[in-house]
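Understanding the architecture of this molecule
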Amino acid sequence: MTSPNPYAIDTDTLSGMKPLRKVVYSIGSNLGDRLSNLQGAVDALRDTPDVIVVDVSSVYETAAVGGPEDSPAFLNIVLVAETTLEPRTLLERAQAVEDAYGRDRSTGRWSPRTLDVDLILVGTTEVDQPDLTLPHPLAGDRGFVLVPWAEVDPKGTLPGRQGTVAELADAVDTAGVTRRDDLSVESD
């Protein structure tokens, strides 16, 4: 309810409370028990203080992009949450979750992995640092990010791109992105 007094003070701002911002993670796995790895990532992010999971997409299977030709197929999901945390903290949490599931960073950027937790966006924040770029610079071109994201947040937007996430998904090659109705992760 809005105060009828135009001179009312916003006590949330005075108390130092931060507004909630949308955070989007793209989560994938192509080594080990792929579905359990995805579930573990969802559980770990859900258990993160100040991260409120709003929705988790269906599971999609996709061919590996980049990397060795014989890379196993990925299972992918998108998790949408709300948070007051800063992007650096969210990135560090994503990397800690990957590490907990045995992510081996020594094998190269595009190599197969037990878990890949990519921070796609944090509100409208733009960051350009050597180890953190927001929004994720490749998200708008990747069907395995856009299709699951459009499922749970079709009217969402990707800063720097025209149109909704659903429109962006319609504009990229999604031929290799297959929804796996026989698989699911629990978001509660």
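What comes next is a walk through the structure. Treat the numbers as computed from the prediction; the structure is a model and nothing was measured.

Definitions and limits used
Residues numbered from 1 in each chain as written. Predicted model: local features only at pLDDT ≥ 70, side-chain atom pairs only at ≥ 80, totals over all residues. Heavy atoms only, no water. Helix = DSSP H or I, 4+ residues; strand = E, 2+ residues; numbered from the N terminus. Salt bridge = Lys/Arg side-chain N within 4 Å of Asp/Glu carboxyl O. Buried < 20%, exposed > 50% of the residue type's maximum accessible area, 1.4 Å probe, protein only.

This part takes up unusual backbone geometry. Cis geometry is adopted by the peptide bond preceding P135, which originates at L134 and carries an omega value of -10°. With respect to the helices, strands and loops of the structure, P135 is situated in the loop between β7 (132–134) and α4 (143–152).

Glancing now at the pattern of salt bridges. A complete count under the given rule lists 13 salt bridges for this structure. A salt bridge links E86 to R21, with the nearest nitrogen and oxygen atoms 3.8 Å apart. Taken together, the residues E86 in the loop between β4 (74–83) and α3 (87–100) and R21 in strand β1 (residues 21–29) connect sequence positions 65 residues apart. D116 serves as the salt-bridge partner of R103, at 3.1 Å between the closest nitrogen and oxygen. Highlighted residues: R103 in the loop between α3 and β5 (116–122) and D116 in strand β5, separated in sequence by 13 residues. We note that R103, like D116, is buried. One salt-bridge network, in which partners are shared between bridges, spans R34, E61, R180 and D182.

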